[in-house]
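# Structural description and commentary
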Amino acid sequence: MGQVSADLQIDFHSFAQESAFELVVEGTDQEGNKPVTVEYVSQAMLFMQLWAEITWHGTHGLEVLKMLTPGQKRVKVFCPQEMDKSIRIFVDNDKRAVRSMGRRCDTLTEALTWNGEVWKPLRYGYNRPQVTIIEKTTFRDRQGDLVADPKYDPGKGGFYTAGETIGALVVQYKPGYSLFNISYDTGEPVASRALFEEMKKCWIYGDIGKASVPPVRLVAISNRAAVTAQFERLFWPKGFPGVTIGSPDKGLYVETPGTRETMTQRLFLDENDSEAFVDLKKTTYIEGADETGKKFKLRLLNQ
């Protein structure tokens, strides 16, 4: 019986490059990024913020951080074009997948530095991008002798040298990516009950960022790989507006810190439940000034 022999060559580098992708959530510079809009205009809320500081036990009857419109965030997935249709993104453990809005390409500037290496891949060297060298240093070997500049391999998406080299390139190219529009809420479904209570209190006192607001968490999955990322959950307004008197066209008076005088009153929200109550620290006196320094003094006589 005769023998048959054959050589099998597997390009592991190319397979790894085609299998991977990168999820980018910051610095995407895309139109459409918007914070969660929450309700802040109501008679009850105006009363609480202007003339009373509220401390409550539970949230009986208090609708704080009511979402009017969800937040929006554009994110990019850098990947080979053939992976575009297979990539799905899941937001905050939601089982409904977000699909791509389609392919885009933007010019990217990247620096590649050799410190004794032979090979330097582009960060997003998918689909044979055209590359332009815009700056370069001289290249030397470990003995300090001049050597030839790196050569670009479009098939593998990177630059190689004949031996171990020291030097740097600055290049420009247009990598392809898939664009996704992420919609997110106030975070109530993923926050613990105690944390969401703290978020409400911090928002009422002017800055929800003082609470440990849970970030928006993403999981991106393709047929070959999975990656995770997260970004900050933003609100508008980030807290209940501060105390102002007047109107923009006639001038605004802003409260002067340290001048407020108060009294505390406890209100029970349910006559049959002694644990359901709010403590109101009512304002009885307040001072303020406009941008020119003109002052006002206000005393509330009706308690």
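None of the values given here were measured: they were computed from a predicted structure.

Calculation notes
Residues numbered from 1 in each chain as written. Predicted model: local features only at pLDDT ≥ 70, side-chain atom pairs only at ≥ 80, totals over all residues. Heavy atoms only, no water. Helix = DSSP H or I, 4+ residues; strand = E, 2+ residues; numbered from the N terminus. Buried < 20%, exposed > 50% of the residue type's maximum accessible area, 1.4 Å probe, protein only. Contact = heavy atoms within 4.5 Å. Areas by Shrake-Rupley, 256 points an atom, 1.4 Å probe, with all protein chains shown as cover. Pairing = 2+ DSSP bridges. Axes fitted to C-alpha atoms, helices over the stretch in contact; angles between N-to-C directions. Phe/Tyr/Trp six-rings, centres within 6.5 Å; stacked < 30°, edge-to-face > 60°.

A separate point is the overall build of the chain. Broken down by element type, the chain carries three helices and 20 strands. Looking at the chain residue by residue over its 303 residues, the buried ones come to 37%. Taking the contacts inside the chain whose residues are at least 6 apart along the sequence as the reference set, 74% of them involve residues at least 24 apart. Of the roughly 18,500 Å² that the chain leaves accessible, carbon and sulfur atoms contribute 50%.

Here we have three strands laid out as an open sheet, ordered 6-13-14, and antiparallel in their pairing. Each having just a single partner strand, strand 6 (88-91) and strand 14 (226-231) make up the two edges of the open sheet. For this sheet the average axis-to-axis angle between neighbouring strands, irrespective of direction, equals 20 degrees. Judged from the four bridges that link them, strand 6 and strand 13 (residues 216-221) form a sheet pairing that is antiparallel. Residue Arg-88 lies in a different strand from strand 13, and its bridge partner there is Ile-221.

What follows deals with the packing of aromatic side chains. Within this structure, the stated rule accounts for five aromatic pairs. Plain terms: the ring middles of Phe-78 and Tyr-177 are 5.3 Å apart, the flat faces sit at 50 degrees to each other, and that makes the pair tilted. Pair noted here: Phe-78 is in strand 5 (residues 71-78) and Tyr-177 is in strand 12 (residues 176-184), with a separation of 99 residues, a long-range link. Among the residues examined, Phe-78 registers a relative accessible area of 6% and is labelled buried. On the basis of relative accessibility, which here comes to 1%, the residue Tyr-177 falls in the buried class. On the numbers, 5.1 Å between centres and 40 degrees between planes, the contact of Tyr-152 with Phe-159 is tilted.

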